[in-house]
Amino acid sequence: MKRFLLAAALAAIALPGLAQAPAAPDELVKSVMLEVQKTIQKDKDLQGGDRRKTIDLVEKQALPHFNHVGMTALAVGVNWRKATPAQKERLAAEFRTLLVRTYASSLASFGDLQFDFRPLRMKPTDTDVTVQVRVLQPGTQPVIVEYDMEKTPRGWKAYDVRVAGISLVVNYRTEFANIVRDNGIDGLIKSLETKNRSLEQPKAGAAK
């Protein structure tokens, strides 16, 4: 489920040119998702889960359009307030790396999906909205994907995504809270560092 969560989120906020366009958030999500899908459909390396190519896509085109510090704060929960500025910086950096490395090949199946983009009701003054997309899959019920987005001086940015009601950041919160309870903030940082090192190399037989 975590893989699907991030794959949907990354694909929705992936192209810098579109992300900077003066579009409503729902129009932005639709335009970018369809463009990313088209790119994947034309690129056999991405379809095959090419690790280097997908990491490059995520790093350069997707992550800049997420509020990864805000996402880290939400994932760490109440313990974020206990962290020092230096610890917060390291937590955000490691969490960002975790998202990239864990889901580096998640976009491979994105080219085969179909979408129903739901209309968004928002006021011109709104700065925090939820964009909803239904992912249509043959033989199963549609999966509801919701993007929580905020308007910033640098454009609309995603700070959470929910798939079938399950939040990406909340999905990590219990795990992180347990680590902090047992080993403190520094323990969580070390745990993330260890996990990221284990994800540096693709598994045997995986695309490189």
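Keep in mind that what you see is a predicted model, and the values were worked out from it rather than measured.

Asker: What is the right way to look at the overall build of the protein chain in this model?
Answerer: Helix and strand content of the protein chain: eight helices and five strands. What you see in the protein chain, going N to C, is helices and strands ordered as α-α-α-α-α-α-α-β-β-β-β-β-α. Considering the protein chain as a whole, with its 208 residues, one finds that 44% of them fall into the buried category. Surface summary for the protein chain: the accessible area is close to 11,000 Å², and the carbon and sulfur share equals 50%.

Asker: Help me understand the nonpolar core, please; the structure alone is not making it clear to me.
Answerer: As a rule of thumb, soluble globular proteins bury nonpolar side chains together. Core analysis: the biggest nonpolar cluster contains 42 residues, and Leu91, Phe95, Tyr147, Met149, Tyr172, Phe176 and Leu188 have the highest contact counts within it. For this core, the secondary-structure elements that each account for two or more residues are α3 (25–42), α6 (68–76), α7 (85–102), β2 (128–136), β3 (143–152), β4 (155–163) and α8 (168–198). The element best represented in this core is α8, accounting for ten residues. Not counting chain neighbours up to four residues away, the residues in contact with Phe95 comprise Met71, Thr72, Ala75, Tyr172, Phe176 and Leu192.

Asker: It is not clear to me how the side chain of Asp50 should be interpreted in this structure. Could you clarify?
Answerer: With respect to the element layout, Asp50 can be found in the loop between α4 (44–47) and α5 (51–62). A polar contact of 3.3 Å, which involves the side chain of Asp50, links it to the backbone nitrogen of Arg52.

Asker: What is the right way to read the packing of α6 against α7 from this model?
Answerer: Each packed pair of helices is defined by two parameters, the angle between the axes and the distance between the axes. At a closest axis distance of 9 Å, the pairing of α6 and α7 adopts a crossing angle of 95 degrees. Relative to α7, the element α6 is oriented roughly perpendicular. Residues His68, Val69, Met71, Thr72, Ala75 and Val76 of α6 touch α7, and the partners they reach there are Leu91, Ala92, Phe95, Arg96 and Leu99. A breakdown of the residues in the contact of α6 with α7 according to their chemical character gives eight nonpolar, two polar and one charged.

Asker: Teacher, can you tell me more about α6 here?
Answerer: In an α-helix, one full turn covers 3.6 residues, which means residues spaced three or four apart are oriented alike. Burial in α6 covers these residues: Met71, Thr72, Ala75 and Val76. The buried residues of α6 occupy an angular sector of 125 degrees when projected down its axis, which confines them to one face. Where the residues of α6 are buried, they touch α7, β4 and α8. One or two residues past the end of α6 sits Gly77, with phi positive at roughly 75 degrees.

Asker: When you look at the pattern of salt bridges in this model, what are you seeing that I'm missing?
Answerer: Taken as a whole and judged by the stated rule, the model has nine salt bridges. Where Arg90 meets Glu193, a salt bridge forms, and the shortest distance between an N and an O atom there is 2.4 Å. With Arg90 in helix α7 and Glu193 in helix α8, this pair connects stretches of sequence that are 103 residues apart. What makes Arg90 partly exposed here is its relative accessible area of 40%. Put simply, Arg162 and Asp148 hold a salt bridge, and the shortest N to O gap is 2.4 Å. In this pair, Arg162 sits in strand β4 while Asp148 sits in strand β3, placing the two residues 14 residues apart along the sequence.

Definitions and cut-offs
Residues numbered from 1 in each chain as written. Predicted model: local features only at pLDDT ≥ 70, side-chain atom pairs only at ≥ 80, totals over all residues. Heavy atoms only, no water. Helix = DSSP H or I, 4+ residues; strand = E, 2+ residues; numbered from the N terminus. Buried < 20%, exposed > 50% of the residue type's maximum accessible area, 1.4 Å probe, protein only. Areas by Shrake-Rupley, 256 points an atom, 1.4 Å probe, with all protein chains shown as cover. Core = buried A, V, L, I, M, F, W, Y, C linked by side-chain atoms within 4.5 Å. Contact = heavy atoms within 4.5 Å. Polar contact = N/O pair within 3.5 Å; in protein donor to acceptor, adjacent residues only side chain to side chain. Axes fitted to C-alpha atoms, helices over the stretch in contact; angles between N-to-C directions. Parallel < 35°, antiparallel > 145°, perpendicular 65-115°, else oblique. Nonpolar A, V, L, I, M, F, W, Y, C, P; charged D, E, K, R; others polar. Arc of directions from axis to C-beta. Salt bridge = Lys/Arg side-chain N within 4 Å of Asp/Glu carboxyl O.

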